[in-house]
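Examining the three-dimensional arrangement
Spelled out, the chains give:
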Amino acid sequence: MSVQAFDAPEDGANRGRVAVVDREPESLATDSIHAKTTGDGMPRWHYINAANTIQSWLFTVDHKRIAMLYLVSISIMFLLGGAAAGMIRAELTSPKGQVLSSEAYNKMFSSHGIIMVFFFLVPSIPATIGNFLIPIMIGARDLAFPRLNLLSWYLYMIGGTMTLSAIFFGGVETGWTFYTPYSSVYANSNVALAIGGIFIAGFSSIATGLNFIVTIHKMRAPGMTWFRLPLFIWAMYATSVIIILGTPVVAITLLLVVAERMLNIGFFSPELGGDPVLFQHMFWFYSHPAVYIMMLPSLGVINELIAANTKKRIFGYSFVAFSSIAIAVFGFLVWGHHMFATSQSMYSSMVFSVISFLVAVPSAIKVFNWLATMYKGSIEFSATMYYALSFIGLFVIGGLTGLYLAALAVDIHLTATYFVVAHFHYIMVGGALTGYMGALHFWWPKMTGRLYPEGPAKMSAIILFVGFNLTFFPQFIAGYLGMPRRYHFYAPEYQVWHVLSSAGASVLAIGLIIPAIYFIWSLKNGKVAGPNPWGAVGLEWNIQSPPVTHNFDTVPVVTWEAYEYQQRDEDEAQLDRDSMPGAPSNREGASV
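Sequence order sets the numbering: in each chain, residues are counted from 1 along the sequence as written. Reporting in this predicted model follows two pLDDT cut-offs: at least 70 for local features of residues, and 80 or more for side-chain atom pairs to be given and counted; totals over whole chains, interfaces and linings ignore these cut-offs and use all residues. Values shown for side chains rest on all heavy atoms present in the structure; no hydrogens or waters enter the calculation.

This part is about the overall build of the chain. Helix and strand definitions here come from DSSP, where helices need a minimum of 4 consecutive H or I residues and strands a minimum of 2 consecutive E residues; each element is numbered from the N-terminal end. Each helix and strand in the chain was counted, giving 18 helices and two strands. Counting across all 592 residues of the chain, residues that qualify as buried make up 55%. The contact criterion used throughout is that any non-hydrogen atoms of two residues lie within 4.5 Å. Partitioning the intrachain contacts of the chain with sequence separation of at least 6 by distance along the chain shows that 79% fall at a separation of at least 24. Surface accessibility follows the Shrake-Rupley procedure with a 1.4 Å probe radius. Residue values consider only the protein chains on display as shielding. Here the chain displays about 23700 Å² of accessible surface, and carbon together with sulfur accounts for 68% of that area. In this scheme, a residue with accessible area under 20% of its type's maximum is buried, one over 50% is exposed, and one in between is partly exposed, where area comes from a 1.4 Å probe on protein chains only.

Structure representation (structure tokens):
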């Protein structure tokens, strides 16, 4: 048995740290797991090599392995969605198109939206980073329902396979929003099959959200109070609440579209006695909160990145925590701002406009508190900090342009233009994708036990930021000038903006390809990371990298506050004093 001990408070106050005892399974030798390393220093026993058969991975109930299964699956989806985006940008370099017909173009941008929204952006951080980290961060050995967690991955794969089949064998041309009555009556493509896949994938999200909520409520380690939780956990909790409340609504909505399409029952089509505006109300009641399903996890990630790179507690911890809950609440009250140009009541639109402005307040709290945290901090400009700063810049631009769309008169001019496309991508891609990349870089050493090369990582973060702005900022201008979205052919005066945007997409692609290369390279050739390569605080940094299957051999007891970097520095200074020549070797509380 080995003991990893930390300075413990002698007076029982809620500061300092306590010992975590690691006891290996009986099947292993009596030496410590942490002492058993390979020749290069990697731990010999960890969750990756616990069993090396395909069956052991496909039937695993280890939350870390399921997270890695999601990581591979979601990466494939991102590759397919990105390839469709590349085809769109190449096609739009000419006002009259290049290769695709109008019908093929409609199917291409629909495929891009469906794959990216439902199969990448929504599950990206929760299913990968959240699955991997939530139990470790709160001191649990797994999620509350391990088999349900595995089922969620299978549901994701079944839904993804169905939707990809619809895309590859006939295509879908309705756009990712599936607006009726076009999708329910007039479209001649595989709408029902695509919706069926999305419907099944929705159950995957619900299972994941339920698992997270129960785990956070019931499985926190002793001493891990709500206000000692990492802010990433607060963000994931708020995200899970949105998933649980919102996903059933869109699932039922899409099911009604299929019923109208296949059974000729009138729900949304005026020809059958339905109301197409009803579809928009039901669809956007989920799909605007879905924006925060994509954004809130990234907001939680940025808290961790900034705290680790400034070595400071997040300024206004409680305000940042409650702002995540406020965003989740406000997210369900603003769906009508997508419908200012419909037959929706003007008074309703006015209310939705006001609430849309109010939702900016909790988002602004986070940004201002991040800046306050960095103020006078000892900032380490690592690759993860580059991604955090990129996120803040893109998120602010996306948020401020959202205020234009929240204003009734301005929105009438900008509705269904490329301004909306640019705003959406600054929030979803610039925000969610940057947060996802920052999370992968920050916790990659914990997930794999290996470090990636810092230089290329910094370069890729810069390239991604430059490429993203070059891709989407010209779309603000094109949209303001009146360029409609989703058009295959367009007036020649918009060509310069599309050429700039397509050139930026090439740069953006390079910024995404580089990390894929060095992540794969690092799996074999990266330096051994050790338990805590970033000098961060939190339970996940107090166990080996990669973790053992069961995370903790004994239940850790949390006696320190979240992001207590100052206390950690005091503890390390005391350890240095204890190790000086002449210092007493048996001081009470010294590490073992």
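By this rule the span expected of a helix is its residue count minus one, scaled by 1.5 Å. Helix length check: helix α11 (residues 346-358) (13 residues) gives 19 Å between terminal C-alpha atoms against 18 Å at 1.5 Å per residue, within 8%. Turning to α11, its buried residues are S349, F352, S353, I355 and S356. On the buried face of α11, the contacting elements are α10 (317-331), α12 (360-374), α13 (383-406) and α14 (408-414).

By size, the foremost hydrophobic cluster in this structure holds 150 residues, and its most contacted members are I129, F178, F232, I306 and W443. Looking at this core, the element that brings in the most residues is helix α9 (residues 276-310), giving 19 residues. With residues up to four places along the chain from it excluded, the contact list for W443 reads I129, L133, M137, V301, E304, E540 and W541. Ranked by size, the runner-up nonpolar core spans eleven residues in total, among them Y105, Y418, A478 and Y490. Here, nonpolar core means buried Ala, Val, Leu, Ile, Met, Phe, Trp, Tyr and Cys residues that are tied together by side-chain atoms lying within 4.5 Å of each other.

It is at 11 Å that the axes of helix α3 (residues 102-121) and helix α5 (residues 146-168) come closest, and there the two elements cross at 175°. What the angle tells us is that α3 and α5 run roughly antiparallel. Between α3 and α5, the residues in contact are S111, I114, I115 and F119 and Y156, G159, G160, T163, L164 and I167, respectively. Side-chain classes follow a simple rule in which Ala, Val, Leu, Ile, Met, Phe, Trp, Tyr, Cys and Pro form the nonpolar group, Asp, Glu, Lys and Arg form the charged group, and the remainder, Gly included, forms the polar group. Split by residue class, the contact of α3 with α5 holds six nonpolar, four polar and no charged. Fitted lines through C-alpha atoms serve as axes, helices being fitted only where they are in contact, and the angles separating the N-to-C directions of these axes extend from 0 to 180 degrees. Angular relationships are summarised with four words: roughly parallel below 35 degrees, roughly antiparallel beyond 145, roughly perpendicular across 65 to 115, and oblique for the angles in between.

Take a side-chain nitrogen of Lys or Arg and a carboxyl oxygen of Asp or Glu: if they are within 4 Å of each other, that pair is a salt bridge. Inspection of every chain in the model, using the stated rule, returns three salt bridges. Among the ionic pairs, E561 bridges to R228, the shortest N-O distance being 3.2 Å. Here R228 lies in the loop between α7 (191-218) and α8 (231-263) and E561 lies in the loop between α17 (495-525) and α18 (565-578), a separation of 333 residues in the sequence. Accessibility expressed as a relative area gives 26% for E561, which makes it partly exposed. Judged by relative accessible area, which is 9%, R228 ranks as buried.

On to unusual backbone geometry, then. Residue P181 is reached from T180 by a cis peptide bond, and omega for that bond is 5°. Within the secondary structure, P181 sits in the loop between α5 and α6 (182-186). Look at the link from S545 to P546: it is a cis peptide, with omega at -5°. Position of P546 among the secondary structure elements: in the loop between α17 and α18. Of note in this structure, N551 is not a glycine but carries a positive phi near 65°. Within the secondary structure layout, N551 lies in the loop between α17 and α18. With a relative accessible area of 2%, N551 lands in the buried category. At Y563, a residue that is not glycine, the phi angle is positive and equals roughly 60°. In this structure, Y563 sits in the loop between α17 and α18.

Between α13 and helix α16 (residues 454-480), whose axes approach to 8 Å, the crossing angle comes to 10°. Regarding the angle of α13 to α16, the classification is roughly parallel. Between α13 and α16, the residues in contact are A383, Y386, Y387, S390, L394, I397 and T401 and E454, A457, K458, S460, A461, I462, L464, F465, F468, N469 and F476, respectively. Considered class by class, the residues forming the contact of α13 with α16 number twelve nonpolar, four polar and two charged.

In this section: the environment of L155. Mapped onto the elements of the fold, L155 is located in helix α5. Along the sequence, L155 and A201 sit 46 residues apart, while their C-alpha atoms lie 5.8 Å from each other. Excluding residues that lie within four positions of it along the chain, L155 makes contacts with I200, A201, F203 and S204.

Turning next to the environment of P270. Among the structural elements, P270 can be located in the loop between α8 and α9. C-alpha of P270 to C-alpha of P181: the two residues are 89 residues apart in sequence and 7.8 Å apart in space. Excluding its chain neighbours within four sequence positions, the residues that come into contact with P270 are P181 and P276.

Time to look at the packing of aromatic side chains. Note on ring pairs: Phe, Tyr and Trp rings are taken, using the six-membered ring of Trp, and paired if centres are within 6.5 Å. Classes follow the plane angle, with under 30 degrees stacked, over 60 edge-to-face and the rest tilted. In total, this model carries 43 aromatic pairs according to the counting rule given. A centroid spacing of 5.2 Å and a plane angle of 85° characterise the contact between F283 and W284, whose relative ring orientation is edge-to-face. The exposure class assigned to W284 is buried, which follows from its relative accessible area of 8%. Within the aromatic cluster, the residues linked to one another by ring pairs are F118, W176, Y179, F267, F268, F279, F283, W284 and F424.

The next thing to look at is a nonpolar patch on the surface. Together, Y182, V185, Y186 and L272 make up an exposed nonpolar region whose accessible area comes to about 320 Å². Mapped onto the fold, V185 is located in helix α6. According to the relative accessible area criterion, V185 is partly exposed, its value standing at 33%. Grouping into patches uses exposed residues only, defined as over 30% relative accessible area, and leaves out salt-bridged ones; the cut-off is 9 Å for like charges and 5 Å for nonpolar side chains (Val, Leu, Ile, Met, Phe, Trp, Tyr).

We now examine the confidence of the model for the chain. Confidence in the prediction for the chain averages 89 pLDDT; 89% of positions are at 70 or higher. Averaged pLDDT values for the elements of the chain fall to 37 in strand β1 (residues 2-4) and rise to 97 in α5. The pLDDT value expresses, per residue, how confident the predictor is, ranging between 0 and 100. Here residues 1-35 scores under 50 on pLDDT; set against residues more than four positions off or in separate chains, the count is 83 contacts. Segment residues 585-592 is flagged for pLDDT under 50; beyond a separation of four residues in sequence, or across chains, it makes ten contacts in the model.

Structurally, T253 can be placed in helix α8. Apart from residues no more than four positions distant in its own chain, T253 is found in contact with F268, F279, M282 and F283.

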